[in-house]
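Here are the chains, one letter per residue:
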Protein chains: 2
Amino acid sequence: MDKINHTMAGIAPLNEKAMAEAEMRQDNLTKPQGSLGQLESLSIQLAGIKENPRPRIIHKAIFTLAGDHGVIQEGVSAYPSEVTSQMVSNFLRGGAGINILARHVGARVVVADMGVASVFEPHPHLKNKKVAMGTHNMMKKPAMSREEAIRSIEAGIDLVEEELPKGIDILGTGDMGIGNTTTSSAITAVFTGAEVSTVTGFGTGLDDEGWKRKVEVIQKTLETNRPDPKNPIDVLSKVGGLEIGGIAGVILAGARYRIPVVIDGFISGAAALIATSLSPYVKPYLIASHQSAEIGHKLLLEFLGLKPLLDLELRLGEGTGAALGIFLAEASLKILDEMTTFSEAGVSKDM
Amino acid sequence: MDKINHTMAGIAPLNEKAMAEAEMRQDNLTKPQGSLGQLESLSIQLAGIKENPRPRIIHKAIFTLAGDHGVIQEGVSAYPSEVTSQMVSNFLRGGAGINILARHVGARVVVADMGVASVFEPHPHLKNKKVAMGTHNMMKKPAMSREEAIRSIEAGIDLVEEELPKGIDILGTGDMGIGNTTTSSAITAVFTGAEVSTVTGFGTGLDDEGWKRKVEVIQKTLETNRPDPKNPIDVLSKVGGLEIGGIAGVILAGARYRIPVVIDGFISGAAALIATSLSPYVKPYLIASHQSAEIGHKLLLEFLGLKPLLDLELRLGEGTGAALGIFLAEASLKILDEMTTFSEAGVSKDM
């Protein structure tokens, strides 16, 4: 827990001076004030994060973390567990959705095995952070031990720290884990206090029957484990996932190193619930890339007080929404830095 | 009118075979079916437009058309008319919002003077398509003659045709014209039949008093001119703008040459109302980049049956939203073309 505590202790508030300067510049650029909407507020947030009124983004990294979920024994997913490891291999070959979108936005993808239920051959682009061979079936017992939960978060922090020498001006989070919408719905229900049925969706493609089973499984899971919403490590260990713990660590480290954290969809959102519950100072570092098609995500973002940039009915995960969010963050900073002011351009400001 | 009729006659339906093939490919890519939401449907639309199940985008052009509006004599804008020409100069120097975002997405900007109320020195990057020195005050008489309306649309067609040799795989539309939200609200009211007050917004920054005046001005304009909603040339000439006619021409030519047309916000939307009223075959070629903060735009897009890709509270115009839409269109095609299929990747498709 030392690494987590040390990381949390290092998270500072945003830089108000840089934000005020960025806002003043936005108001003097050759456009009606506020006419670039969320791009303007985003640029000001980024200025505050990076302590610079005109920051630039060069190095972009998307952290895509994988783990398996014992709860899929209960029939809560349309895909078998093997798909988690098959998709990790797909990431390493560069053929998955996240590879395509990361290339499109000029980001590198950092793929990590946090707890996939099979063993990979060593690969130069695969970070081996395996904490366990997947989680236990959380309907029957805690998904992992308290110790494993802590190790998963610390491994996420390590992932970011190991990438710092290559440069990270902005980071995105992503996930791969068959069964992890079940886990994320459980986490969301615990923190928000919402009814399970209102935060449980169809995942990768359940039918109505499967959805009912999934709701029941989550309800039983919560009854069995009784996670304490005031104790994020307790929640993570009882109803979480190893990739979710890892993403929570990536988020904490992002905030610690003043790196804007673009969160992907529902699973990254569940990790953000863990991270912000550990430290409320994390929140200003978060950028919600999109509103997922998963039903629980809307409530989750409202609970976090985050407004998503996109709403394209995405529900793939992997960091695909985060990649698009990184593009918009970069756009907002180019506007802030490169547009001319009214006085530079000789444009009349108003009547 | 010959050029318009000839262009309209050349607009064909989308290619169903290419769309079916693209859809089949989407369903076999390594992701749950439908999990990339609007990016999937967008890629299929683009395949149909380009008659190719795996089209690519290389050459991107944003057409930013400028014109002045006589109606601003009635005090309907927070900015003076001179800003239109000042902003055109800003576009040519590369310091405006559209320049920054176009560079960010790798698009060229084609700037055209459709009817600015001042004369520009010749400039290598300014297309001189001036039809008149701005429109008349439409509250008192028709904004332009029927002949001028036709010439503005034909000039828009010319703009696209002149750019064809450089390559246009996708195009965006954009506008600059102080007073043109007033014009666009009038056009929207005519075509949709909506109350003027429900489609009139605050433009670039009116106060409540200014908004009331703007609504009254539009109501009087419609009473004075009685534009015929069944006759788009009549609507354009009586309550339109020269840049709006030009954008309508760009849209028609886009459809004619099977170029996907990414429309920007409210003003481009008003031009799309003109273009689709001229020819219903235009509609499948349209991609709505974003939901503008201008109140009338929501109704306008619903009337056109278009779902916007973004909702970032943008209201700058110039083609800024279209630039972001072009990025998403390109993302959707890279997904379609570059992702591996389940069989290529050896990933299990389902249980």
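Look a little higher up for the structure.
Since the structure is predicted, the reported quantities are computational estimates derived from the model, not experimental observations.

Engineer: Where do I start with the overall build of chain A in this structure?
Structural biologist: Check the secondary structure of chain A and you find 14 helices and six strands. Scaling as 2.2 N^0.38, a compact globule of 351 residues should have a C-alpha radius of gyration of about 20 Å, and chain A matches this with 20 Å. The principal-axis extent of the C-alpha atoms belonging to chain A is close to 70 × 40 × 40 Å. For chain A, the proportion of its 351 residues judged to be buried stands at 66%. Here the contacts in chain A between residues at least 6 apart in sequence split such that 76% fall between residues at least 24 apart.

Engineer: Mind showing me how you'd approach the relation of the copies chain B and chain A here?
Structural biologist: Superposition of the two copies of the chain requires a rotation about an axis and a shift along the axis. Between chain B and chain A, which share one sequence, the superposing operator has a rotation angle of 180° and an axial displacement of 0.0 Å; the RMSD is 0.0 Å. The two molecules are tied by a two-fold rotation axis, judged by turn and shift. Measuring from the rotation axis to each C-alpha of chain B, the shortest distance belongs to Leu310 of chain B, at 3.0 Å. Here 100% of the contact residues of chain B are again contact residues in chain A; the copies associate through an equivalent surface.

Engineer: Just to check I follow, could you spell out the pattern of salt bridges for this structure?
Structural biologist: Pairs can form between side chains of opposite charge once their charged atoms are near each other. Tallied over the entire structure, the rule returns 40 salt bridges over all chains. Notably, a salt bridge pairs Glu21 of chain A with Lys17 of chain A, separated by 3.1 Å at the nearest N-O pair. With Glu21 of chain A and Lys17 of chain A both in helix H2 (residues 16–28) and four residues apart, this pair spans about one turn of that helix. For Glu21 of chain A, a relative accessible area of 35% corresponds to the partly exposed category. Among the residues examined, Lys17 of chain A registers a relative accessible area of 60% and is labelled exposed. With its nearest N and O atoms 3.4 Å apart, the salt bridge here joins Glu51 of chain B to Arg258 of chain B. One end of the pair, Glu51 of chain B, is in the loop between helix H3 (37–50) and strand E1 (60–67); the other, Arg258 of chain B, is in the loop between helix H10 (242–256) and strand E5 (261–263), and 207 residues separate them in sequence. Look at Arg258 of chain B and you get buried, because its relative accessible area is 17%.

Engineer: Explain H3 of chain B here, please?
Structural biologist: Residues spaced three or four apart along an α-helix point in a common direction, a consequence of the helix completing one turn every 3.6 residues. Look at H3 of chain B: 21 Å from first C-alpha to last across 14 residues, which is about the 20 Å you get at 1.5 Å a residue. Among all positions in H3 of chain B, only Gly37, Gln38, Leu39, Glu40, Leu42, Ser43, Ile44, Gln45, Leu46, Ala47, Gly48 and Ile49 of chain B are buried. In the core, the buried residues of H3 of chain B are packed alongside helix H13 (320–338) of chain A together with helix H2 (16–28), strand E6 (286–288) and helix H13 (320–338) of chain B.

Engineer: For this particular structure, what's the right way to read the interface of chain B and chain A?
Structural biologist: In this assembly, 57 residues from chain B lie in contact with 57 residues from chain A. Contact with chain A buries area across many residues of chain B, yet His104, Leu312 and Phe327 of chain B alone supply 14% of it, more than any other trio. Our enumeration of links across chain B and chain A arrives at four salt bridges. Residue Lys307 of chain A pairs with Glu313 of chain B through a salt bridge whose shortest N-O separation is 2.3 Å. One can count 28 residue pairs in polar contact (both at pLDDT 80 or more) joining chain B with chain A. Of all elements in the fold, only H3, helix H4 (82–93), helix H5 (97–105), H13 and helix H14 (342–345) of chain B reach the threshold of two or more residues within the side of chain B that touches chain A. With nine residues, H13 of chain B is the single largest residue contributor to the side of chain B that touches chain A. Here the side of chain B that touches chain A is composed, by residue class, of 27 nonpolar, 17 polar and 13 charged.

Engineer: Would you mind going over the sheet that holds strand E3 (residues 126–128) of chain B with me for this structure?
Structural biologist: The strands making up a sheet are joined through hydrogen bonds of the backbone, oriented either antiparallel or parallel. Residues and elements named next belong to chain B. Taken together, six strands build an open sheet; the order of strands is E3-E2-E1-E4-E5-E6 and the sheet is parallel. With one partner strand each, in any of the chains shown, E3 and E6 form the two edges of the open sheet. Each strand of the sheet is rotated relative to its neighbour by a mean of 30°, with strand direction disregarded. Where E1 meets strand E2 (residues 108–115), seven bridges bridge the pair, whose relative direction is parallel. Counted as the bridge partner of Leu65 is Ala112 from E2. Of the strands in this sheet, E1 and E2 are in contact with H5, which crosses E1 at around 170°.

Engineer: Please explain the sheet that holds strand E4 (residues 170–176) of chain A as it appears in this structure.
Structural biologist: Residues and elements named next belong to chain A. Strand order in the open sheet formed by six strands is E3-E2-E1-E4-E5-E6, and the pairing between neighbours is parallel. Edge positions in the sheet fall to strand E3 (126–128) and strand E6 (286–288), since each has one partner strand and no second. Neighbour-to-neighbour, the strand axes of the sheet open up by a mean angle of 30°, direction not taken into account. Examined bridge by bridge, strand E1 (residues 60–67) and E4 share seven bridges and lie parallel to one another.

Engineer: Just to check I follow, could you spell out the packing of helix H1 (residues 2–9) of chain B against helix H6 (residues 146–163) of chain B for this structure?
Structural biologist: What describes two packed helices is the angle between their axes and the distance between those same axes. Residues and elements named next belong to chain B. Taken N-terminus to C-terminus, the directions of H1 and H6 make an angle of 55°; their axes are 9 Å apart at the nearest point. Taken together, the axes of H1 and H6 are oblique relative to one another. In the crossing of H1 with H6, the sense of the turn from one axis to the other is left-handed. Where H1 abuts H6, its residues Asp2, Lys3, Ile4 and Thr7 lie against Ile150, Ile153, Glu154, Ile157, Asp158 and Glu161. Broken down by class, the residue content of the contact of H1 with H6 amounts to four nonpolar, one polar and five charged.

Engineer: Quick question: what am I supposed to make of the packing of H10 of chain B against helix H11 (residues 266–278) of chain B here?
Structural biologist: All names here are of chain B. In contact at an axis separation of 8 Å, H10 and H11 are set at 60° when each is read in the N-to-C sense. Considering the angle they form, H10 stands oblique to H11. Taken as a pair, H10 and H11 cross one another with a handedness that is right-handed. For the pair formed by H10 and H11, the contact residues are Ile244, Ile247, Ala248, Ile251 and Leu252 on the first element and Ile267, Ser268, Ala270, Ala271, Ala272, Ile274, Ala275 and Leu278 on the second. Of the residues contributing to the contact of H10 with H11, the split by class is twelve nonpolar, one polar and no charged.

Engineer: Help me understand the nonpolar core in this model?
Structural biologist: Side chains of nonpolar character tend, in soluble globular proteins, to be buried together. Residues Phe63, Ile251 and Leu324 of chain A together with Phe63, Ile251 and Leu324 of chain B are the most contacted members of the largest nonpolar core, which totals 255 residues. Excluding anything up to four places from it in sequence, Leu324 of chain B contacts Leu39, Phe327, Leu328 and Ala331 of chain A together with Leu101, Leu310, Leu312 and Leu314 of chain B.

Engineer: Please clarify how helix H9 (residues 232–239) of chain A should be interpreted in this entry.
Structural biologist: In terms of burial, H9 of chain A is largely enclosed, as eight of its eight residues are buried. Within the sequence span of H9 of chain A, burial applies to Pro232, Ile233, Asp234, Val235, Leu236, Ser237, Lys238 and Val239 of chain A.

Engineer: Would you mind showing me how to read the side chain of Asp68 of chain A here?
Structural biologist: Residue and element names in this part refer to chain A. Of note, Asp68 is situated in the loop between E1 and helix H4 (82–93). For Asp68, which is buried and forms no salt bridge, the nearest opposite charge comes from Lys130, at a distance of 7.1 Å. With sequence-adjacent residues up to four places away left out, Asp68 is seen in contact with Ser81, Thr84, Gly115, Val116, Ala117, Gly134, Thr135 and Ile178.

Procedures and definitions
- Residues numbered from 1 in each chain as written.
- Chains lettered and ligands numbered in written order.
- Predicted model: local features only at pLDDT ≥ 70, side-chain atom pairs only at ≥ 80, totals over all residues.
- Heavy atoms only, no water.
- Helix = DSSP H or I, 4+ residues; strand = E, 2+ residues; numbered from the N terminus.
- Rg over C-alpha atoms; globule rule 2.2 N^0.38 Å.
- Buried < 20%, exposed > 50% of the residue type's maximum accessible area, 1.4 Å probe, protein only.
- Contact = heavy atoms within 4.5 Å.
- Least-squares fit on C-alpha atoms with pLDDT ≥ 70 in both.
- Salt bridge = Lys/Arg side-chain N within 4 Å of Asp/Glu carboxyl O.
- Expected span 1.5 Å × (residues − 1).
- Buried area = accessible area lost by both parts, 1.4 Å probe.
- Polar contact = N/O pair within 3.5 Å; in protein donor to acceptor, adjacent residues only side chain to side chain.
- Nonpolar A, V, L, I, M, F, W, Y, C, P; charged D, E, K, R; others polar.
- Pairing = 2+ DSSP bridges.
- Axes fitted to C-alpha atoms, helices over the stretch in contact; angles between N-to-C directions.
- Parallel < 35°, antiparallel > 145°, perpendicular 65-115°, else oblique.
- Left-handed = near helix turned anticlockwise from the far one by under 90°.
- Core = buried A, V, L, I, M, F, W, Y, C linked by side-chain atoms within 4.5 Å.
- Lys, Arg positive; Asp, Glu negative; His and termini not counted.

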